[in-house]
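Each chain, letter by letter, is given below.
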Amino acid sequence: MAVSSASTFQTLNPTPTKTHSELRFNQNQLVHYGKTTTTTCRCRRISISCSAEEDKTVVIGLAADSGCGKSTFMRRLTSVFGGAAEPPKGGNPDSNTLISDTTTVICLDDYHSLDRTGRKEKGVTALDPRANDFDLMYEQVKAIKEGTAVEKPIYNHVTGLLDPPELINPPKILVIEGLHPMYDARVRELLDFSIYLDISNEVKFAWKIQRDMAERGHSLESIKASIEARKSDFDAYIDPQKQHADAVIEVLPTQLIPDDDEGKVLRVRLIMKEEVQYFNPVYLFDEGSTISWIPCGRKLTCSYPGIKFAYGPDTYYGHEVSVLEMDGQFDRLDELIYIESHLSNISTKFYGEVTQQMLKHADFPGSNNGTGLFQTIIGLKIRDLYEQITTTRTAAPLEATKGLRNA
Ligand SMILES: Nc1ncnc2c1ncn2[C@@H]1O[C@H](COP(=O)(O)OP(=O)(O)OP(=O)(O)O)[C@@H](O)[C@H]1O
Ligand SMILES: O=C(CO)[C@H](O)[C@H](O)COP(=O)(O)O
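Only a predicted model underlies this, so the values are computations on that prediction, with no experimental measurement involved.

**Q** Explain the site of ligand 1 residue by residue, including any values.
**A** Around ligand 1 there are 14 residues in total, and Gly67, Gly69, Ser71, Thr72 and Thr371 lie nearest to it. With respect to ligand 1, the side chain of Ser71 contributes an N or O atom lying 2.4 Å from an oxygen atom. At 3.3 Å, a side-chain N or O of Trp207 approaches a nitrogen atom of ligand 1. For ligand 1, whose unbound accessible area comes to 630 Å², protein coverage reaches 82%.

**Q** Can you explain the pattern of salt bridges? Please cite residues and give values.
**A** Taken as a whole and judged by the stated rule, the model has 22 salt bridges. Notably, a salt bridge pairs Arg269 with Glu250, separated by 2.9 Å at the nearest N-O pair. With Arg269 in strand β12 (residues 266-273) and Glu250 in strand β11 (residues 247-253), this pair connects stretches of sequence that are 19 residues apart. Both residues of the pair, Arg269 and Glu250, count as buried. Each of Glu250, Arg267, Arg269 and Glu325 takes part in one network of salt bridges that share partners.

**Q** Describe the sheet that holds strand β4 (residues 58-63), listing the residues and the values that go with them.
**A** Note: strands within a sheet are paired through backbone hydrogen bonds, in either parallel or antiparallel orientation. Spatial strand order, β5-β6-β9-β4-β10-β11-β12-β16-β15-β14: 10 strands in an open sheet with mixed pairing. Only two strands of the sheet have a single partner each, and these edge strands are β5 (98-99) and β14 (291-293).

**Q** So what's going on with the state of the cysteines? Which residues, and what values?
**A** Summed over all chains, the structure comprises 1 disulfide. Two residues, Cys296 and Cys302, share a disulfide whose sulfurs are 2.2 Å apart. The chirality of the disulfide connecting Cys296 with Cys302 is left-handed, given an S-S dihedral of about -85°. On the accessibility criterion, Cys296 (28% relative accessible area) is partly exposed.

The rules we used
- Residues numbered from 1 in each chain as written.
- Chains lettered and ligands numbered in written order.
- Predicted model: local features only at pLDDT ≥ 70, side-chain atom pairs only at ≥ 80, totals over all residues.
- Heavy atoms only, no water.
- Near = heavy atom within 4 Å.
- Polar contact = N/O pair within 3.5 Å; in protein donor to acceptor, adjacent residues only side chain to side chain.
- Areas by Shrake-Rupley, 256 points an atom, 1.4 Å probe, with all protein chains shown as cover.
- Salt bridge = Lys/Arg side-chain N within 4 Å of Asp/Glu carboxyl O.
- Helix = DSSP H or I, 4+ residues; strand = E, 2+ residues; numbered from the N terminus.
- Buried < 20%, exposed > 50% of the residue type's maximum accessible area, 1.4 Å probe, protein only.
- Pairing = 2+ DSSP bridges.
- Disulfide = S-S within 2.5 Å.

Next up, the structure:
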């Protein structure tokens, strides 16, 4: 198989592609110096086989309903690896893809097989599996994981149409984010780690109102109607994916304010599966114990209603899990270091890295509560997982060579 610089490739078919069957036919045909060839491999060292184990892309899945904080989470995650994430240079301005040095984030909306009109005609929502092409999703994520570039379709959220495809080169880390990363068993199998953002209905409603009314000019009635229209498909197809996730960030109304209906103070639970390869759950004070902690005092400023942490073992859809919980919000982010110093297994590279990341993005939604804190921690855990996977892969051939030498 040819090994070439991906930057010399162009898409073969720049004209609008209407259906995914055409796309599937074209997906691996790329033009290289005017010649048609099949696919390319990413090789980080010169003259190695394309199928080198250590070159494989690590794949992360992030599932959530629309407007539940996926983009914010992605910004926190890519920041952990350094460098800014940007849409593909010179490509479709409405591309949903974000590329940084280490990560490529693709939005699974790009695998909608029905455009906006098509969905309307057939009376299905975007959450319905019949509006999505899981065969193509599987083929392309698998190809990228194996080091092969693909031409991925683009769903244009501005026009509601399927645009001509864009070239996706295999990155070090591929994040697939959207409605269905864990829906199809074949795609699920490709994930090295998976996260589900579980936003309770009350909170989802409050966030949607805030964004769609304030920023997009929608009416309260239309927001209610759109949530209602999606509800049954959300329950049938999106929500069940959380049982497959390695980590779930659950966002609930606070329990610190009786009958709170403002939805500003949040109770956030980080549910972490035990026995996941390369992932050691975070713990508070003492691993495996059950703890309730009100940290407000001399080292942490808290105004009403205060802050409460909890930690302990539990079961979640039949799986053993550890749960770390934070209810309330921080008054002063710089004091977060006090909380950080009581958490273990947070995969930081230096003392205070969580606090530093949170301060760096103090303006992101959720920076003063458990959503920002747990998203940041999961970002650090993903970096650690990536480093462990790549170290294991590079060590394996060395071990094999040693074995041969000693034989
Ligand atoms: N942790 C948070 N705390 C408070 N509000 C939040 C939080 N996360 C997201 N939001 C609100 O939800 C809105 C949507 O967030 P974001 O764009 O990250 O979600 P998304 O899942 O990527 O949305 P979409 O899929 O619709 O693009 C934000 O503009 C903000 O109003
Ligand atoms: O649930 C969604 C995921 O983001 C969108 O509603 C879906 O992709 C359809 O998009 P649009 O409303 O732009 O046609």
